[in-house]
Amino acid sequence: MTTPARFFCADAARLRGDPLAGTAPYGSVWVLIEYRAGWPTNGFDGLALEPGVKAQVYAAARAARARVLLIRRHGRSRPEEPARWAVLRYETDGDHRQEWGTWYDDRDLAQIVDALDAPGERGRPPVVLVCAHGLHDTCCAVRGRPVARALSDGWPQLVWECTHVGGDRFAANVVVAPDGVYYGNLDAPSALTVVEEHLADRIHPDHLRGYTDLVPPQQAALSAVLRHAGPSGRHDYAIEETVRDGDRWQIRVTGRLAGLSAFEVEIHAHRAQPHQLTCRGLSLSSAVHYEVASLRVG
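Computed from a prediction, not measured in an experiment: that's the story for all the values here.

**A short note on the side chain of Q98**
- Within the element layout of this structure, Q98 appears in strand 4 (residues 96-103).
- When its relative accessible area of 3% is taken as the criterion, Q98 is described as buried.
- Among the polar contacts made by the side chain of Q98, one reaches the main-chain carbonyl oxygen of P125 at a distance of 2.9 Å.
- Not counting residues within four places of it along the chain, the set of residues in contact with Q98 comprises V87, L88, G120, E121, R124, P125, P126, V127 and P178.

Below, the structure written as structure tokens:
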């Protein structure tokens, strides 16, 4: 009897050619909690923390619309160092703020509640998060951990493995926060190039899933502009206008710097055929794809 081949969602997505653009989840606040033991399938929700503190953190994060991620350094237990937590925030004016602390027992995590209301510190370098949440999805471990290893060798102070960030089928996924930029379909060599370019403020469209302060059709429009005009900085373009007509969007993207053009981009959305979108998926799901119908300069 032939044993059926094991299903890997990232392999299947690449064979289908699932588009990356327009797949970054919306959000501008991240709560990071370093947790060195095994990660539950559902991440922070599954931790056996002191119930009162856990409820406080959960309620404050929900009120701030923050994504809570567990983090750890790749391959380094570092038992002599206290575990850390952070609140990362992307402001609407492009300002980046971070607040970091340490925790020894569950009660220390209550500091996160106050940090979510605090302005945070400017000027810190961004955090590079690599999804390596194998219990949530096999591809996140199989593809994510080699990427985490390569990036950790290059930027050991910036890179963390993290729990589920969304879009398992695009593993390996990398999130740069609080910049709010999602990248996918990475391997070790491409991840090194993408992060190096990102840290030099040159964002390329090839592995770009989107900016988290934009909705999916806007993400797809901006990706199309970068593909047409070339890589650019995180804040070099702005969405000036978005007009929706059913499953079509007319989006005006304008350059903020001298020499950058304005673009009129038409995006069409359509729902793809149902597929198994995650390794652990028990049912078929249908993703929405955002495609460029036209792009005009001016």
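**Observations regarding the environment of G246**
- Inspection of the secondary structure puts G246 in the loop between strand 10 (237-245) and strand 11 (248-255).
- For G246, a relative accessible area of 46% corresponds to the partly exposed category.
- Each C-alpha atom of the pair G246 and H268 lies 9.2 Å from the other, and the pair is 22 residues apart in sequence.

**A closer look at the pattern of salt bridges**
- One pass over the structure, following the stated rule, counts 15 salt bridges.
- Of the charged contacts, one joins E161 and R145 as a salt bridge, the two residues approaching to 2.9 Å between their closest N and O atoms. In this pair, E161 sits in strand 6 (residues 159-162) while R145 sits in helix 4 (residues 138-154), placing the two residues 16 residues apart along the sequence.
- The class of E161 is buried, set by a relative accessible area of 1%.
- Residue class for R145 comes out partly exposed when judged on its relative accessible area of 29%.
- Between E266 and R248 there is a salt bridge whose closest N-O contact spans 3.7 Å.

About the criteria used
- Residues numbered from 1 in each chain as written.
- Predicted model: local features only at pLDDT ≥ 70, side-chain atom pairs only at ≥ 80, totals over all residues.
- Heavy atoms only, no water.
- Helix = DSSP H or I, 4+ residues; strand = E, 2+ residues; numbered from the N terminus.
- Buried < 20%, exposed > 50% of the residue type's maximum accessible area, 1.4 Å probe, protein only.
- Polar contact = N/O pair within 3.5 Å; in protein donor to acceptor, adjacent residues only side chain to side chain.
- Contact = heavy atoms within 4.5 Å.
- Salt bridge = Lys/Arg side-chain N within 4 Å of Asp/Glu carboxyl O.

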